Amino acid sequence: NDGLWDIFLGCFFLMFAIGPYLSPTLGDFWSSMVVLPFWGLVFLIILLIRKYVVTPRVGVVKFRQARKARLMKFNIVMLIFNVVALILGFVAALSFGRIPGQMLTIIFGLILLVGFSIAAYFLDFSRLYVYGLLVGLSPLIGEWLWAHGYATHHGFPITFGTAASIMILVGLVVFARLLRDNPVPIEGIPSDEA
């Protein structure tokens, strides 16, 4: 509960807010791929912060067997879920123009909502339910904004930008609280808990 995964998820969903602006120049595929180095950098920074900032404050967690089994179930369920989502994506791409746009938007939103809900359940990470609602509703709200002339790019920059900003802000608040409540222990000086 250090807030770093919230920040990483927020940075991931920034792709849906920034990508539409890059699509006219780079195309849909490359507008998504160009942010991969950014994700890699964010992931590297998170690993370094976890190693050099979080671990000295809170230590390392060793999971019990029951938790390891639950994480294994989570991995299997998420693998199956992602394969189904990938197949649905291929079907949608092959049927482009024959499936109404609103149906694709609903399916995309449901995939995001269900994926986040599965992760929230298996990881005991309740904020993911809220994030699932945020990103699951983003395509629908964005489509509504676009259809009524309130936004461009199907509203993705507004809706996903808002969802990503909320995730990043929550992550920063949780991380700041962790730093405040867990100062680095100084050798030779016992902590209050000791």
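Rules behind the numbers
Residues numbered from 1 in each chain as written. Predicted model: local features only at pLDDT ≥ 70, side-chain atom pairs only at ≥ 80, totals over all residues. Heavy atoms only, no water. Salt bridge = Lys/Arg side-chain N within 4 Å of Asp/Glu carboxyl O. Helix = DSSP H or I, 4+ residues; strand = E, 2+ residues; numbered from the N terminus. Buried < 20%, exposed > 50% of the residue type's maximum accessible area, 1.4 Å probe, protein only. pLDDT = per-residue confidence, 0-100.

### Structural notes on the pattern of salt bridges
Side-chain pairs of opposite charge can arise whenever the charged atoms involved come near each other.
Link 1 in the chain: Going through the model one piece at a time under the given rule, you end up with five salt bridges.
Link 2 in the chain: The partner of aspartate 124 in a salt bridge is arginine 67, and the shortest N-O contact between them spans 3.2 Å. Here aspartate 124 is found in the loop between α4 (101-123) and α5 (127-147), whereas its partner arginine 67 is found in helix α3 (residues 65-94), with 57 residues between them in sequence.
Link 3 in the chain: Classification of aspartate 124 by relative accessible area gives exposed; the value is 55%.
Link 4 in the chain: One salt-bridge network, held together by shared partners, links Arg67, Arg70 and Asp124.

### A few points about the side chain of threonine 105
Link 1 in the chain: Inspection of the secondary structure assignment puts threonine 105 in helix α4.
Link 2 in the chain: According to the relative accessible area criterion, threonine 105 is buried, its value standing at 10%.

### Details of the confidence of the model for the chain
Link 1 in the chain: On average, residues of the chain carry a pLDDT of 85, and 91% of them reach 70 or more.
Link 2 in the chain: Predicted confidence in the chain is weakest over helix α1 (residues 4-33), with a mean pLDDT of 80, and strongest over helix α6 (residues 156-181), with 94.

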